[in-house]
Amino acid sequence: HKQLSLSENRAFLFGDGFFESMRWSPDRTCRLWPFHWDRVQRTIKALQFPWPVQFREAEFQRLICDFIEAGALHDWRIKIIFWRQGPGKYAPETNRMAFLLTVEPCLTPWIQRIGEIGVAKTMAVTRHPFSWVKSTSALPYVMAGIERINRELDDLILPDPDGYLVEGSYTCLFWSKGGQLFLTDKTLGGLDSCMRRFLENYWISI
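Residues numbered from 1 in each chain as written. Predicted model: local features only at pLDDT ≥ 70, side-chain atom pairs only at ≥ 80, totals over all residues. Heavy atoms only, no water.

Caption draft 1: Quick peek at the overall build of the chain. Along the backbone of the chain there are five helices and eight strands. In sequence order, the secondary structure elements of the chain are arranged as α-β-α-α-β-β-β-α-β-β-β-β-α. Since a compact globule built from 206 residues should have a radius of gyration of about 17 Å, the 18 Å found for the chain is in line with a globular shape. Judged by the C-alpha coordinates and their principal axes, the chain covers about 50 × 45 × 35 Å. (Helix = DSSP H or I, 4+ residues; strand = E, 2+ residues; numbered from the N terminus. Rg over C-alpha atoms; globule rule 2.2 N^0.38 Å.)

Caption draft 2: A look at a nonpolar patch on the surface. On the surface, a nonpolar cluster with roughly 590 Å² of combined accessible area is contributed by W110, I111, M195, F198, Y202 and W203. Residue placement: Y202 occurs in helix 5 (residues 194–205). (Patch = residues over 30% accessible without salt bridge, like charges linked within 9 Å, V, L, I, M, F, W, Y side chains within 5 Å. Areas by Shrake-Rupley, 256 points an atom, 1.4 Å probe, with all protein chains shown as cover. Salt bridge = Lys/Arg side-chain N within 4 Å of Asp/Glu carboxyl O.)

Caption draft 3: Quick look at the sheet that holds strand 4 (residues 117–119). One open sheet accounts for three strands, arranged 4-5-6; its pairing is mixed. The sheet is open, and its two borders are formed by strand 4 and strand 6 (165–168), each paired with just one other strand. This sheet shows a mean twist of 30° between the axes of neighbouring strands, independent of strand direction. Alignment of strand 5 (residues 155–159) against strand 6, held across three bridges, turns out to be antiparallel. Opposite I157, over in strand 6, you have G168 as the bridge partner. Along the sheet face, helix 4 (residues 139–150) touches strand 4, strand 5 and strand 6 and points at about 135° away from the line of strand 5. (Pairing = 2+ DSSP bridges. Axes fitted to C-alpha atoms, helices over the stretch in contact; angles between N-to-C directions. Contact = heavy atoms within 4.5 Å.)

Caption draft 4: Highlighting the sheet that holds strand 3 (residues 96–106). One open sheet holds the three strands; their spatial order is 1-2-3, and the pairing between them is antiparallel. Each edge of the sheet is formed by a strand with only one pairing partner; in this case those strands are strand 1 (17–24) and strand 3. Each adjacent strand pair in this sheet contributes to an overall mean axis angle of 15°, direction not counted. The strands touched by helix 2 (residues 33–47) within the sheet are strand 1, strand 2 (75–85) and strand 3, with strand 1 carrying the most contacts at an inclination of about 175°.

Caption draft 5: Representation of unusual backbone geometry within the structure. Even without being glycine, R28 reaches a positive phi, approximately 65°. You can see R28 is positioned in the loop between strand 1 and helix 2. The backbone of E152 shows a phi angle near 55°, a positive value even though the residue is not glycine. Counting through the fold element by element, E152 comes out in the loop between helix 4 and strand 5. With a relative accessible area of 69%, E152 lands in the exposed category. (Buried < 20%, exposed > 50% of the residue type's maximum accessible area, 1.4 Å probe, protein only.)

Caption draft 6: Spotlight on the nonpolar core. One finds W24, W51, F60, I64, I78 and F82 to be the most contacted residues of the largest nonpolar core, which totals 25 residues. Mapped by element, the contributors of at least two residues to this core are strand 1, helix 2, helix 3 (57–66), strand 2 and strand 3. Take this core: its biggest share by element is five residues, from helix 2. Counting residues in each nonpolar core, the second largest holds nine residues, with M123, V125, A144 and L156 among its members. (Core = buried A, V, L, I, M, F, W, Y, C linked by side-chain atoms within 4.5 Å.)

Written out as structure tokens, the structure is:
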């Protein structure tokens, strides 16, 4: 609840931050929690953010649960934005972390039918060492969302610069053929999808 100055919010100034969004059930559980927690910890390590020692997994889950209204009949969308807080230009002068947790009702069903789909014309997914991070520097996905709305599509498939399809603008891209699950090549770039990791884990375990 502490007020933090935007003049030292490095996510606002430089995109020096990342976010995690997840769906929680009315009983205050998250089906994909292990994948979300793992992605947060890998991102923290990759971006060299400090992580408070008191925020072990169980404590962080309890923190989220404290913000979820008891007795609701709908799911909840939890979004947590993490950023480096402090002065500096491109290179930070300190390495302090701050985060903002938001909770809002999630009324969309778990399984949705996506009808009208197109391939992006205005942007492509490029690969770099941090392309898998759900960075606050998410301008390509913002522009993809605008193109999707302008073209009146349910989703937009994002290609790499060579035209290989990588992911949806807000979905994981996969398909089934002959009883086998196929996913796009990770070397093409794209976000580190928790749904993709769930599908990989599920298909391996059966």
